[in-house]
Every structure is written in structure tokens, then in C-alpha cells.
Amino acid sequence: MDIEVLGAPRVTENGVPITAPTAESRHVLAALAACPDRLVPSRVLADELTRHTPPEHSRAALHTAVRRLRERFAEALGAGSVRTPETVLCARPGGYLLDTGGGRCDVREFEREAGAGYRAMGRGDFGQAALRLRRALDLWTGPALDGIDAGAWLRGRTAVLEADRLSVLGQWVEAELALGRHGELLLELAGLRGAGGRRPRGAYLAALHRAEARVTALRAALPAPGMTLAGAVRR
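The rules behind each value
- Each chain has its residues counted from 1, running along the sequence as written.
- Predicted model: local features are reported for residues with pLDDT of at least 70 only, side-chain atom pairs are reported and counted for 80 or more only, and whole-chain, interface and lining totals are derived from all residues.
- Only hydrogens and water are removed before side-chain values are computed, so all heavy atoms of the structure are retained for them.
- We call a set of buried residues a nonpolar core when its members are Ala, Val, Leu, Ile, Met, Phe, Trp, Tyr or Cys and they connect through side-chain atoms within 4.5 Å of each other.
- A simple rule labels every residue: compare its accessible area, found with a 1.4 Å probe on the protein chains alone, to the largest value its type can have, and call it buried under 20%, exposed over 50%, or partly exposed in between.
- Residues count as neighbours in contact if any of their non-hydrogen atoms are within 4.5 Å of one another.
- Aromatic pairing here means that ring centres of Phe, Tyr or Trp (its six-membered ring) are within 6.5 Å. Orientation follows from the plane angle: under 30 degrees is stacked, over 60 is edge-to-face, and everything else is tilted.
- Counting from the N terminus, the helices are the DSSP runs of H or I reaching at least four residues and the strands are the DSSP runs of E reaching at least two.
- Whether a charge sits over a ring depends on NZ of Lys or CZ of Arg being within 6 Å of the ring centre and within 35 degrees of the ring normal.
- Only protein atoms enter the 1 Å grid used here, on which a cavity is any set of points holding a 1.4 Å probe that cannot leave and a pocket is any open set flanked by protein within 12 Å on both sides along at least five of seven lines; residues with an atom within 4 Å of a point are listed as lining.
- Grid points are joined across faces, edges and corners, and a volume is the space filled by probe spheres set on the points.
- A pair of strands is considered paired only if DSSP assigns at least 2 bridges between the two.

(A) Layout of the nonpolar core. Phe73, Leu98, Leu169, Trp172 and Leu189 are the most contacted members of the largest nonpolar core, which has 65 residues in total. Setting aside chain neighbours within four positions, we find Leu98 in contact with Met1, Ile3, Leu29, Leu32, Ala33, Pro36, Asp37, Phe73, Val88 and Leu89.

In C-alpha cells, the structure reads:
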């Protein structure tokens, strides 16, 4: 199973995109995809579904959503698969989990690339840091879980992801500046604003604007007598 949540959520099983048939099932799939291979409590999923159905019906809506998602997984798995809909979307005491079977997950890739970038920053290897941090940023195609009318729990999860994205952006800018790539950096920041064909918004857009303003100010400071980029950055 491949999972993408750093943008519009997308789940693929056996090479087949899983298209949730209802708003409720799409919401449940997004919530499970946000925490792959981890138990998500039934009460959390039911609370999330109150965005679509009255609270007194949310448990029944959850069970229906799970059944419909398993039907989609059955179609994707086909005959002879060692995985079954019940082992892919597992019922466990207290909740459900989405078993990726060791497949790709963009959040895990993001965390791996970001971690490598932070470690490179720590040892002063700014070239490697810039490379790995940019790879982490390039995994994003829009806001996390874009298009999902998230409840409180899922908003908390997306807030953590978005905060991590801003942190990676900040460190990547610092690595690029340390390498003296201020000219190229403005172009790359502009590219990030247009990545995925959608204009970023909110805190991420504000962070891009702040980074661009800082780089522009540093470039303006460079012609001063005796000024180097490193000196400008320290100012």
C-alpha cells in the first residue's frame, strides 16, 4: 500500500487507487492514512464523522464507512492475494488501523529526509543539508490532507505536519544561505510557491514571503564595502 497525505490524500493498494464512495468513508480513510500502521481509536473516528452525520449516528456511520472501504480494498486486492480487506483495514480492540504492508508513505519519507537534513546541518555539511531538506519539501503537493473537512483530532495531526514543514523550510533556507546561493534561492522559493499547481496559503505562504524578503535584503547588503554573505547573514 502506498499512502500520500502531504497534499490531497491518496491511498493505493496493489497499484489501484482506493476511491472512497462517500464523504464518510473518505474521511475515515484520510484519518487512518494520517497514522499508517497505528491504531486510531473508534471514538476518535466517530468524533471525526460528526462533520458529516449527527453524533448519535456517528458509530453506525463509522461501521458503514469501514465496510465500504473494505469493499474497495477487495476490488484492488483481487483473487489470490495474501492480504485481505480485513487484514488491510484491521479491526483491533478499541479501533482500526491501516496496514501498509511495508509500502511507501510520504510522511515517513518526509521524516527520513528531514532527519538526514537536520543531522547534516548539525555537522556543518550545508550542501547535504540543503539537498535532503529540499527533498523533504518537494514531497508536499499542498496542505496536509487537503480537501478533508477535518475534526479536532485530524486538525491536530495536520497542524503537527504543517509545523514540521515550516521548520524544514526554515532550515533549508539557512543551509542555502550558508552556501552563498542567495540568487538561486529566490528562484527556488518562487518555485515552491507554485509547486503542485496550487498557490500555498496560510502560515506556509507567510513563511515563503518572509524568506524571500530576507534573501532580498541580504542581496541588497552584499555590495557594501568589505561585506560578505556570511557577514550579511550574521547581521
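(B) A look at the packing of aromatic side chains. Tallying each qualifying case throughout the model produces 1 aromatic pair. Aromatic side chains Phe110 and Trp140 sit 5.7 Å apart centroid to centroid with 80 degrees between the ring planes, which places their arrangement in the edge-to-face category. Here Phe110 is found in helix H5 (residues 106–122), whereas its partner Trp140 is found in the loop between helix H6 (126–138) and helix H7 (152–178), with 30 residues between them in sequence. Residues Phe110 and Trp140 agree in their burial class; the two are buried. One residue, Arg165, lies across the ring of Tyr204, its end atom 3.4 Å from the ring centre.

(C) Geometry of the side chain of Glu13. Relative to the assigned elements, Glu13 resides in strand E2 (residues 10–13). Residues contacting Glu13, with those up to four places away along its chain left out, are Met1, Ile18, Phe73, Ala76, Leu77, Arg83 and Val88.

(D) Highlighting the layout of surface pockets. The calculated volume of the second largest pocket comes to roughly 170 Å³. Taken together, Ala8, Pro9, Arg10, Val11, Pro17, Ile18, Thr19, Ala20, Arg26, Leu29 and Ala30 make up the lining of the second largest pocket. Every element with two or more residues in the lining of the second largest pocket is listed here: E2 and helix H1 (23–33). It is H1 that contributes the most residues to the lining of the second largest pocket, 3 residues altogether.

(E) Highlighting the sheet that holds strand E3 (residues 16–17). The 3 strands are arranged E1-E2-E3 in an open sheet whose pairing can be described as antiparallel. Two strands bound the open sheet, and with one partner strand each, they are strand E1 (2–4) and E3. In the sheet, E1 pairs with E2 via 3 bridges, with the strands oriented antiparallel. Residue Ile3 lies in a different strand from E2, and its bridge partner there is Val11.

(F) Examining the environment of Ala178 more closely. Relative to the elements of secondary structure, Ala178 occurs in helix H7. In sequence terms Ala178 and His57 are 121 residues apart; their C-alpha atoms lie 56 Å from each other.

Without other data, these values stay purely geometric and don't point to any function.
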